[in-house]
Amino acid sequence: MADVVQEVVAQVKDNFTENVSNTTGKVPSTPEGMAVAYGSLVIMALFPIFFGSYRSVKYHKDKLKSSNKSETMTSKDAAMFPIVASCALFGLYIVFQIFSKEYINLLLTGYFFFLGVLALTNLLSPLVSSLVPAAVPNIPYHIHFKQGQGDKSEDIINYHFSSYDVVALICCSLVGAWYLFKKHWIANNLFGIAFAINGVELLHLNNVVTGCILLSGLFFYDIFWVFGTDVMVTVAKSFEAPIKLVFPQDLLSHGFSASNFAMLGLGDIVVPGIFIALLLRFDNSLKRNTKTYFYATFVAYFLGLMATIFVMHVFKHAQPALLYLVPACLGTPLLLALIKGDIKALFKYEDNPSEETAETKDKPIAQSESKKAK
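Report on the accompanying structure.

## Points about the layout of surface pockets
So, step 1. Empty space within the second largest pocket amounts to approximately 320 Å³.
So, step 2. Leu 118, Thr 121, Asn 122, Ser 125, Pro 126, Tyr 159, His 160, Phe 161, Asp 165, Val 166 and Leu 169 together form the lining of the second largest pocket.
So, step 3. Listed by contribution, the elements that provide at least two residues to the lining of the second largest pocket are helix H4 (101–131), strand E3 (154–162) and helix H5 (163–182).
So, step 4. Ranked by residues supplied to the lining of the second largest pocket, first place goes to H4 with five residues.
So, step 5. The class makeup of the residues in the lining of the second largest pocket is six nonpolar, four polar and one charged.

## Looking at a nonpolar patch on the surface
So, step 1. A contiguous nonpolar surface patch, about 490 Å² in accessible area, is contributed by Ile 143, Phe 145, Ile 156, Ile 157 and Tyr 159.
So, step 2. Elements with a minimum of two residues in the nonpolar patch: strand E2 (140–147) and E3.
So, step 3. In terms of residue count, E3 provides more of the nonpolar patch than any other element does, three residues in total.
So, step 4. Mapped onto the elements of the fold, Ile 157 is located in strand E3.
So, step 5. The exposure class of Ile 157 is partly exposed, given its relative accessible area of 39%.

## Some thoughts on the packing of helix H2 (residues 31–65) against helix H6 (residues 185–202)
So, step 1. As a packed pair, H2 and H6 sit with axes 7 Å apart at the nearest point and diverge in direction by 35°. With respect to the hand of their crossing, H2 and H6 are arranged in right-handed fashion. Contacts between H2 and H6 involve Met 44, Phe 47, Pro 48, Ile 49, Gly 52, Ser 53, Arg 55, Ser 56 and Tyr 59 from the first element and Asn 189, Ile 193, Ala 196, Ile 197, Val 200, Glu 201 and Leu 202 from the second.
So, step 2. Residues of the contact of H2 with H6, tallied by class, amount to 10 nonpolar, four polar and two charged.

## Describing the packing of aromatic side chains
So, step 1. Under the counting rule described, the total for this entry stands at 23 aromatic pairs.
So, step 2. The interplanar angle of 70° and the centroid separation of 5.1 Å between the aromatic rings of Trp 185 and Phe 247 together place this pair among those described as edge-to-face. Taken together, the positions of Trp 185 in helix H6 and Phe 247 in strand E5 (residues 244–248) put the pair 62 residues apart, joining distant regions of the chain.
So, step 3. Residue classification places Phe 247 among the buried positions, given a relative accessible area of 11%.
So, step 4. Ring geometry for Phe 294 versus Phe 298: centroids 5.9 Å apart, planes at 25°, classification stacked. Linking Phe 294 with Phe 298, this pair stays in helix H11 (residues 292–315), spanning four residues, or about one helical turn. Side by side, Phe 294 and Phe 298 carry an identical accessibility label, which is buried.

## With respect to the side chain of Asn 188
So, step 1. For Asn 188, the position within the fold is in helix H6.
So, step 2. Within polar-contact distance, the side chain of Asn 188 engages the side chain of Asn 189 at 3.3 Å.
So, step 3. From its side chain, Asn 188 meets the backbone oxygen of Lys 244 in a polar contact 2.9 Å long.
So, step 4. Apart from residues lying up to four places away in sequence, Asn 188 is in contact with Tyr 179, Ala 241, Pro 242, Lys 244, Leu 245 and Val 246.

## A look at unusual backbone geometry
Note on backbone geometry: most residues besides glycine have negative phi, and most peptide bonds are trans.
So, step 1. Unlike most non-glycine residues, Lys 183 shows phi in positive territory, near 50°.
So, step 2. Position of Lys 183 relative to the elements: it lies in the loop between H5 and H6.

## Topic: the side chain of His 184
So, step 1. By the element assignment, His 184 lies in the loop between H5 and H6.
So, step 2. If near-sequence neighbours (up to four positions away) are discounted, His 184 is found in contact with Trp 178 and Phe 256.

## Side note on the nonpolar core
So, step 1. One finds Ile 269 and Tyr 301 to be the most contacted residues of the largest nonpolar core, which totals 85 residues.
So, step 2. Residues contacting Tyr 301, with those up to four places away along its chain left out, are Ala 45, Leu 46, Ile 49, Asp 268, Ile 269, Pro 272, Ile 276, Leu 325 and Cys 329.

## As for the environment of Asn 138
So, step 1. Along the chain, the position of Asn 138 falls in the loop between H4 and E2.
So, step 2. Spatially, the C-alpha atom of Asn 138 lies 5.5 Å from that of Ser 163, the residues being 25 residues apart in sequence.
So, step 3. Looking at Asn 138, its side chain comes within polar contact range of the side chain of Ser 162, at 2.9 Å.

## Some words on the pairing of E5
So, step 1. The buried count for E5 comes to five of five residues, which makes it a mostly enclosed element.
So, step 2. Where E5 and strand E6 (residues 261–265) come together, five bridges link them in antiparallel fashion. Directly across from Leu 245, in E6, lies its bridge partner Leu 264.

## Topic: the pattern of salt bridges
So, step 1. Tallying each qualifying case throughout the model produces five salt bridges.
So, step 2. A salt bridge links Arg 288 to Asp 342, with the shortest nitrogen-to-oxygen separation between them at 2.7 Å. You can see Arg 288 sitting in the loop between helix H10 (267–286) and H11 and its partner Asp 342 sitting in the loop between helix H12 (322–340) and helix H13 (343–348), a full 54 residues away along the chain.
So, step 3. Here Arg 288 falls in the partly exposed class, since its relative accessible area comes to 38%.

What counts, and where the lines are drawn
- All residue numbers here refer to positions counted from 1 along the written sequence of the relevant chain.
- Local features in this predicted model are restricted to residues whose pLDDT is 70 or higher, and side-chain atom pairs enter the listing and the counts only when it is 80 or higher, whereas totals over whole chains, interfaces and linings include all residues.
- Note that water and hydrogens are dropped before the side-chain values are worked out from all heavy atoms of the structure.
- Cavity: a set of points on a 1 Å grid over the protein atoms alone where a 1.4 Å probe fits but cannot get out. Pocket: an open set with protein on both sides within 12 Å along at least five of seven lines, its lining residues, like those of a cavity, having an atom within 4 Å of a point.
- Grid points are joined across faces, edges and corners, and a volume is the space filled by probe spheres set on the points.
- Runs of E in the DSSP output that reach at least two residues are strands. Runs of H or I that reach at least four are helices, and both are numbered from the N terminus.
- Under the convention adopted here, Pro, Cys and the residues Ala, Val, Leu, Ile, Met, Phe, Trp and Tyr are nonpolar, Asp, Glu, Lys and Arg are charged, and Gly plus all remaining residues are polar.
- Note that patches include only residues with greater than 30% relative accessible area and no salt bridge, and the join distances are 9 Å for like charges and 5 Å for nonpolar side chains (Val, Leu, Ile, Met, Phe, Trp, Tyr).
- Accessibility throughout is a Shrake-Rupley quantity obtained with a 1.4 Å probe, and a residue counts as covered only by protein chains that appear here.
- Salt bridges are defined by distance alone: a side-chain nitrogen of Lys or Arg within 4 Å of a carboxyl oxygen of Asp or Glu.
- Only protein chains enter the area calculation, which uses a 1.4 Å probe; residues under 20% of their type maximum are buried, those over 50% are exposed, and those in between are partly exposed.
- Lines fitted to C-alpha atoms define the axes here, with helix axes fitted over just the stretch in contact, and angles between the N-to-C directions of these axes take values from 0 to 180 degrees.
- Left-handed describes a crossing in which the near helix is turned anticlockwise from the far one by less than a right angle; the clockwise case is right-handed.
- Any two residues whose heavy atoms approach within 4.5 Å at even a single point are treated as in contact.
- Paired rings are identified among Phe, Tyr and Trp, the last through its six-membered ring, by centres lying within 6.5 Å, and are further divided according to the angle between planes into stacked (under 30 degrees), edge-to-face (over 60) and tilted (the rest).
- In the analysis that follows, any N or O atom pair within 3.5 Å is treated as a polar contact, provided that within protein one partner can donate a hydrogen and the other can accept it, and provided that, for residues neighboring in sequence, both atoms belong to side chains.
- As used in this record, nonpolar core signifies buried Ala, Val, Leu, Ile, Met, Phe, Trp, Tyr and Cys residues forming a set joined through side-chain atoms within 4.5 Å.
- Should DSSP find at least two bridges between two strands, the strands are regarded as paired.

Laid out in structure tokens, this is it:
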């Protein structure tokens with residue numbers, strides 16, 4: 001254990017002063033193949049952010065209608081997240097150094113098989129339901145498992161689904177079996193995109209301040225673990241799970257059996273994505289029939305991703321994507337808010353206003369009504 005720690009500390013000192021080899025360790029077969037690979041990764045990164053953001057708006061509205069506040073990340077959670085993520089990353093690195101990665105990946109494959117099937121089912125269930133012939137009856141089901149009796153009872157499982165959802169589950173299980181036995185990159189990407197869309201949809205930042213704290217912390221986290229050590233690259237290469245999107249750079253020459261992959265971690269999609277989704281909900285709160293902040297930051301994310309790819313190939317070195325994405329995603333809405341005069345509204349906006357905030361909003365209304373009554 002002490003040897004591993006000393007090795008990482010030594011790596012920090014060396015890597016800040018020396019260049020290392022390219023992350024892939026392979027030279028792309030052709031410029032065309034490289035362009036296809038990175039172009040596909042960019043499209044696959046933009047897709048979950050765009051659709052996940054709009055799904056987050058619907059999810060937020062449904063929660064408000066049901067009087068159930070959606071769970072959001074607090075400022076304290078955002079500040080602690082880079083520390084927790086660093087501990088988890090370094091823990092995985094140590095595990096891969098001590099134990100055989102074949103056995104570890106065997107356990108991870110089974111775990112992500114179930115998660116991937118559920119995530120893909122949640123995503124594709126409406127589509128599959130629309131494709132099922134009308135002759136097939138749509139039978140509703142309800143699984144309700146609770147603890148206790150009477151007023152003291154608590155729901156543990158309260159899930160509604162239909163026979164169409166079962167059909168979607170069976171179809172997604174076939175994709176899961178494909179991933180389980182073949183580990184094909186297409187199956188990996190289907191699961192990865194499903195994880196990313198569900199993440200952007202369901203993980204909510206309550207306000208912009210929390211988003212700034214989270215992105216700023218992960219900005220330094222990404223720089224340290226990519227430039228400072230080989231930990232991030234080692235774990236990414238050893239971790240055989242759909243936590244990254246991959247696309248072969250030699251697809252044009254080797255077809256679907258290609259093996260020289262370019263990759264993009266889901267964290268570089270989901271983390272900026274939940275902030276961009278927050279800006280879409282902020283746009284809706286302004287009731288201007290425009291999505292200025294969402295689309296401007298969405299374009300800024302695209303440019304940041306392109307800058308990451310460009311710098312990576314100029315310097316032939318792995319790049320922490322958040323080094324370019326965070327300034328783009330934070331600077332764009334803040335600058336735009338200053339220009340449009342929305343900076344106060346931007347920082348005051350909350351998905352789920354606290355009780356104190358709600359009271360301060362209600363006081364002026366109550367005072368004005370009392371004056372009218374007098």
